[in-house]
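Geometric and topological summary
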Amino acid sequence: ALVEPRTAPSAHPRAHVLTARTLEICEDLGLGDALRQIAPPLERWRRFRYCDRVDGADYAVADHGAAPAWANLEAASDQRVQHISQPVFEALLRRAVADADIETRYGRRVVDVGLGGGGVACVLDDGATLGAEYLVAA
C-alpha cells in the first residue's frame, strides 16, 4: 500500500533534477523510457543563469554540463542526471502506482508503526491499520 498525506501533487516549483541513482531505481521499475520521453535535452538546461530579472544583466552563468564533477557522474552510472520537475515526476509516479493496481491512501498519514507477525502494522490517522511485510518511509 502507498500512504501519502497529499491528495494531489503540488503545482509549486520544488526540486527539478533527478539524480542518476533515482533514475537507476526508476529504470528497474520500468519507468526509464517514460522519464526519458519527458526530460528536455541536456543542452536546454545545463546552463544556469543568475540575474536580477529575466532581461537583466547576468551576475553569473554556470554550465553544469562542463563542470569537472559532471564527468564523474557520467562515469559512475549508465543513467544521466535529468531535469524533470518534482510535480511532473510525482504525476508520473502516481500513474505508475495506479497502473500497478497498488492500494493507495491519499490524504492520510501514518501515526504509529508496530512490529509483529513477521511484518509491520501501520496505523493511519483515520484509525485504519495496514499490514505489510516491510515499511519504506520518506
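The paragraphs below set out a description of the structure included in this document. (Residues numbered from 1 in each chain as written. Predicted model: local features only at pLDDT ≥ 70, side-chain atom pairs only at ≥ 80, totals over all residues. Heavy atoms only, no water.)

**Points about the pattern of salt bridges**
Under the definition given, this model contains 16 salt bridges. The closest approach of N and O atoms between Arg6 and Glu4, which form a salt bridge, is 3.3 Å. Put simply, Arg49 and Asp58 hold a salt bridge, and the shortest N to O gap is 2.3 Å. You can call Arg49 partly exposed: its relative accessible area is 38%. We classify Asp58 as partly exposed; its relative accessible area is 41%. (Salt bridge = Lys/Arg side-chain N within 4 Å of Asp/Glu carboxyl O. Buried < 20%, exposed > 50% of the residue type's maximum accessible area, 1.4 Å probe, protein only.)

**Some thoughts on the pairing of strand β4 (residues 58–63)**
Both strand β3 (residues 47–51) and β4 contribute to a ladder of five bridges, which runs antiparallel. Counted as the bridge partner of Arg49 is Val61 from β4. Hairpin remark: β3 followed by β4, antiparallel, with six residues in the connecting loop. (Pairing = 2+ DSSP bridges. Helix = DSSP H or I, 4+ residues; strand = E, 2+ residues; numbered from the N terminus.)

**Overview of the side chain of Gln79**
Of note, Gln79 is situated in the loop between α3 (68–76) and β5 (82–83). Residue class for Gln79 comes out buried when judged on its relative accessible area of 12%. With residues up to four places along the chain from it excluded, the contact list for Gln79 reads Ala20, Leu23, Glu24, Glu27 and Arg36. (Contact = heavy atoms within 4.5 Å.)

**Some thoughts on helix α1 (residues 20–28)**
Those residues of α1 that fall on the buried side of the exposure criterion are Ala20, Leu23 and Cys26. Looking straight down α1, one finds that the buried residues subtend no more than 115° of arc, so they occupy a single side. Every exposed residue of α1 that faces more than 90 degrees away from the buried side is listed here: Arg21 and Asp28. Tucked inside the fold, the buried residues of α1 contact β2 (17–18), α2 (32–38), β5 and α4 (86–99). Just downstream of α1 lies Gly30, where phi reads positive at about 85°. (Arc of directions from axis to C-beta.)

Purely geometric stuff here, so don't read any function into it on its own.
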